[in-house]
Structures are given as structure tokens and as C-alpha cells.
Amino acid sequence: MVKKKEVPLHRHSIWYYFGGMTLFLFTVQVVTGILLLLYYRPSSENAFESVQFIITEVKFGWLIRSIHSWSANLMIATLFIHMFSVFFLRAYYPPREITWLSGVFLLFIVICFGFSGYLLPWNKLAFFATKVGTEIAGVVPVVGRPILRFLRGGDDVTGATLTRFFGFHVAVLPATATVFIAVHVLLVQMHGMSVPPKLLGQPVKKMKFVPNFLLRDLIGWILAIGVLAALAALFPWELGEKADAFASAPAGIKPEWYFLFMFQTLKLIPAKIMGFDGEVLGIMAFNVVAVLLFIVPFVDRSDNRRRRLIFNLLGVLALLYIVVLTIVGYVT
Ligand code: HEM
């Protein structure tokens, strides 16, 4: 099956590299994560000190930790690029609906990886970011409170939260991600790469996946190793101060960049909208968007000029919204 696979060549072919790049960075995460596990200790008494030990005493420990953190961020960036590119190329048209669906699950899994991993060093920033993040989940009517207690392992962020997040980060999420990645990649193999609808009916050149395209993928991965090594060595990931539940939250605390657009939205939204709590409405709106993401391939199933325009406009607006609010969140 793999031997027969061919990749269409056209002016948008560059976007076919981003799924493979995300997969490569995921592998980097697995390898560096296992290495970190050799020394990391998941308790509120030991976590911070064990990370301190990794970056000061263990040979190349600082580099492995730095690569794990940088690669996590790059992976989320390539994942967003991959998702938006398959959206604009309409790669979710039949028969690829389930490929898209498994992709949306992977998006949420990867975001959960980021959120759970952030707390593990048990430093001040992570502690308060987790407090704020779980508090936001707790605001949702009816299910919010049980979700908050489930995530925190109680009413507050404590050692129990850390142990829980560790379990999610190194067991639940990797196992789920492996299943979804297997399904996703298998489906891609079964269906072959899509050709954008605009080019259907026209003669499209093709390149063999093995070895030609794979070798090109490989060049991208070698470049990614270079970028990762440079970032990790030149800008080693900070550890900061140990978390202290009794200290006050640092001023201007912000979440990781990939949550900033949502965080900023909740900050800008008025406290009351037509008598309803603004924050609750904001969170509900994000939930609606999440559901809409799942159903994209079932509402947009074939190409026509009007629908193409509407969906392109929606995609561009979403992209602009994310970029602008991330920048605003970063600079304010
Ligand atoms: C861990 C996350 C992910 C990994 C490792 C991954 C991996 C891949 C790979 C290797 C391919 C084939 C090459 C390519 O088209 O780039 C692919 C294709 C595809 N992916 Fe993903 N992906 C991920 C997340 C997503 C997300 C979030 C979506 C959308 C919501 C998505 C939707 C698709 C679709 C529709 C295709 C078929 C593309 C085509 O046939 O042209 N993927 N993915």
C-alpha cells in the first residue's frame, strides 16, 4: 500500500509536509519524555527539585528538557498549520471525513498534553496558570464544578493535581494519542493524498511517496532538528521559582501562547451580556466552536462557488481572530 502511494504535485504541495512534521515532533516528544522520566519525580515535595536536578546535575539533562519544551511548542504550531491547510485545501471532503474527525481529536489531545505538561515542573507560573485554567473550566454551569474537582483531584490545586496531571501526561494521553495517530495515518494511507477540488479534472503530476517524497520529508525533519537544537541551546527553557500555594499570584499572569486567544477573549468580554454572565457565555461559545470543528466535513461535502467563498471566509476570519488576539494577549 505504502509502495503504491503517490503525492500530487501542484502549487499547494508544500502543505503536505506539515502532517509528517507534526508526527516527527511527536516522536521527539516521546523520546525526550521517556528520558526525562528517568529522573522526574511526580510529587509536590520533589517535582521542582527533580527538574532542578535534571537541568543542573544530569549530563545534557538541560538540553533534553529544553528540547522537550521547545518541541512541544513547535508541534502545536505545525499542528495548527496542518489543520488550517487541510481546511483550506478541503482535504476533508468524502471519503476523508473520519481522517478529519480523528484529527480534531488529536488537536484536543495535543492541547491537553500542553496543559498537563505545563504543571509538571511545579513552579510558580505553572501553579497559578493551572489554577486559573481549571477555574475557567469550573465556571461552566452544571458540569463545571465536577470537571474542576476531577481535574484538580479536590477543590484546590495541590500535590493531588500534580499526580493526576502526571498520570494524564505520561499514560492516558500518550495511549489515546497513539490510537488516534494510528487511525489517522492508516486512513491517509488508505485514501492517498487528496487533490484540491479546484484541480480535479485537470492533469496533476505525481511523485512517488517512497522514496521521493519521504526523502523530502526527511530533509524537513533534519532541518527541524537543527532549529530545535538551536532554540534549545540558545534559549534554554526557564524553570523559575518553586510553586507556593500561599504566595500571591504573580502580576499579569498569562497562559501558554496557544491558549492566549481564548484567555484574551474572556478578558475582553463584558461582565454581563443581556443579564447573562459574560465569562460563561464566552466559554460556551468556545465549546460550540469545538463542536463545529467536528462537524465541518458533514456540512461541507462538495464544491460549489458560493459555499467555497463562505468557508474560505470563515477560515480566514478564524485565523485572523486567533492571530490578532494572540498578539494582543502577548503585548498587553
Ligand atoms: C498529532 C496530530 C496530527 C498528526 C501527527 C497528523 C498527521 C498527518 C499526516 C502524516 C498526514 C499525511 C500528510 C499530510 O497531509 O500532511 C495527515 C493528513 C491529514 N490530516 Fe493530519 N495529523 C494530525 C492532526 C490533524 C488535525 C488536527 C486535523 C484536522 C482537524 C487533521 C486532518 C488531516 C486530513 C484531513 C488529512 C488528509 C490530507 C490529504 O489527504 O490531503 N490532522 N495528517
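Now for a description of the structure that goes with this document. (Residues numbered from 1 in each chain as written. Predicted model: local features only at pLDDT ≥ 70, side-chain atom pairs only at ≥ 80, totals over all residues. Heavy atoms only, no water.)

### Some points on the coordination of the iron atom of the ligand
Within the protein, His82 (NE2) and His184 (NE2) serve as the donor atoms for the iron atom of the ligand, at 2.0 to 2.1 Å. Taken together, the six donor atoms surrounding the iron atom of the ligand define angles of 86 to 179 degrees at the centre, an arrangement classified as octahedral. With His82 in helix H3 (residues 61–88) and His184 in helix H7 (residues 159–191), this residue pair connects regions lying 102 residues apart in the sequence. For His184, a relative accessible area of 15% corresponds to the buried category. (Donors = N, O, S within 2.8 Å, 3.2 Å for Na, K, Ca; no water. Tetrahedral: all angles 85-135°; square planar, octahedral: opposite > 155°, others 65-115°. Helix = DSSP H or I, 4+ residues; strand = E, 2+ residues; numbered from the N terminus. Buried < 20%, exposed > 50% of the residue type's maximum accessible area, 1.4 Å probe, protein only.)

### Some details on unusual backbone geometry
The amide bond that connects Pro94 to the next residue, Pro95, takes the cis arrangement and shows omega of 10 degrees. The residue Pro95 is located in the loop between H3 and helix H4 (97–119) in this model. In this chain, Val210 is followed by Pro211 through a cis amide linkage whose omega measures 0 degrees. If you trace the backbone, Pro211 turns up in helix H8 (residues 209–234).

### Quick word on the environment of Arg145
Along the polypeptide, Arg145 turns up in helix H6 (residues 144–152). Linking Arg145 and Glu135, residues 10 residues apart in sequence, is a C-alpha distance of 8.9 Å. In this structure the side chain of Arg145 is engaged in a polar contact, spanning 3.0 Å, whose partner is the side chain of Asp155. (Polar contact = N/O pair within 3.5 Å; in protein donor to acceptor, adjacent residues only side chain to side chain.)

### What about the site of the ligand?
Taken together, 24 residues lie near the ligand, and Gly19, His82, Gly103, His184 and Ser194 sit nearest. Between Arg96 and the ligand, the recorded distance is 3.2 Å, taken from a side-chain N or O atom to an oxygen atom. One of the side-chain N or O atoms of His184 is found 2.8 Å from a nitrogen atom in the ligand. Every element with two or more residues in the shell around the ligand is listed here: helix H1 (17–37), H3, H4 and H7. No other element matches the seven residues that H4 contributes to the shell around the ligand. Its residues placed into classes, the shell around the ligand shows 14 nonpolar, nine polar and one charged. (Near = heavy atom within 4 Å. Nonpolar A, V, L, I, M, F, W, Y, C, P; charged D, E, K, R; others polar.)

### Section: the packing of aromatic side chains
Taken as a whole, this structure holds 27 aromatic pairs when the rule is applied. A ring pair is formed by Phe87 and Phe88, whose centres lie 5.4 Å apart and whose planes are at 80 degrees; its orientation type is edge-to-face. Classification of Phe88 by relative accessible area gives partly exposed; the value is 28%. An aromatic cluster of three or more residues is present, and its members are Phe115, Phe150, Phe165, Phe168, Trp257, Tyr258 and Phe259. Between Arg90 and the ring centre of Phe87, over which it is positioned, the NZ or CZ distance is 5.5 Å. (Phe/Tyr/Trp six-rings, centres within 6.5 Å; stacked < 30°, edge-to-face > 60°. Lys NZ or Arg CZ within 6 Å of the ring centre and 35° of its normal.)

### Looking at helix H11 (residues 305–331)
In a regular helix each residue adds 1.5 Å, so 27 residues correspond to 39 Å; H11 covers 39 Å between its end C-alpha atoms and thus fits that length. Restricting attention to buried positions, one finds in H11 the residues Phe311, Gly315, Leu325, Thr326 and Gly329. Buried residues in H11 make contact with H3, helix H9 (257–268) and helix H10 (278–299). With a side-chain oxygen lying 3.1 Å from the backbone nitrogen of Arg306, the N-terminal cap of H11 falls on Asn304. (Expected span 1.5 Å × (residues − 1). Contact = heavy atoms within 4.5 Å.)

### A word on the layout of surface pockets
Reported here for the second largest pocket is a volume of approximately 1100 Å³. Together, 43 residues line the second largest pocket, and His68, Ser69, Gly117, Tyr118 and His169 are the ones closest to its centre. Mapped onto the lining of the second largest pocket, the elements with two or more residues apiece are H1, helix H2 (47–56), H3, H4, helix H5 (124–139) and H7. Looking at which element gives the most residues to the lining of the second largest pocket, the answer is H3, with eight residues. The residue inventory of the lining of the second largest pocket, partitioned by class, reads 27 nonpolar, 11 polar and five charged. (1 Å grid on protein atoms, 1.4 Å probe; cavity = no way out; pocket = protein on both sides within 12 Å on 5 of 7 lines; lining within 4 Å. Points joined across faces, edges and corners; volume = space filled by probe spheres on them.)

### Quick look at the pattern of salt bridges
Applying the stated criterion to the full structure yields nine salt bridges. Note that Glu135 and Arg152 form a salt bridge whose closest N and O atoms lie 3.9 Å from each other. Here the residue Glu135 occupies a position in helix H5, and Arg152 occupies one in helix H6, the gap between them amounting to 17 residues. Its relative accessible area of 42% is what places Glu135 among the partly exposed residues. A residue is classified by how much of its surface remains accessible, and Arg152, at 5% relative accessible area, is buried. A salt bridge links Asp155 to Arg145; the shortest N-O distance between them is 3.0 Å. Of the two residues, Asp155 sits in the loop between H6 and H7 while Arg145 sits in helix H6, which places them 10 residues apart along the sequence. Counted as one network, the salt bridges with shared partners bring together Arg90, Asp300 and Arg307. (Salt bridge = Lys/Arg side-chain N within 4 Å of Asp/Glu carboxyl O.)

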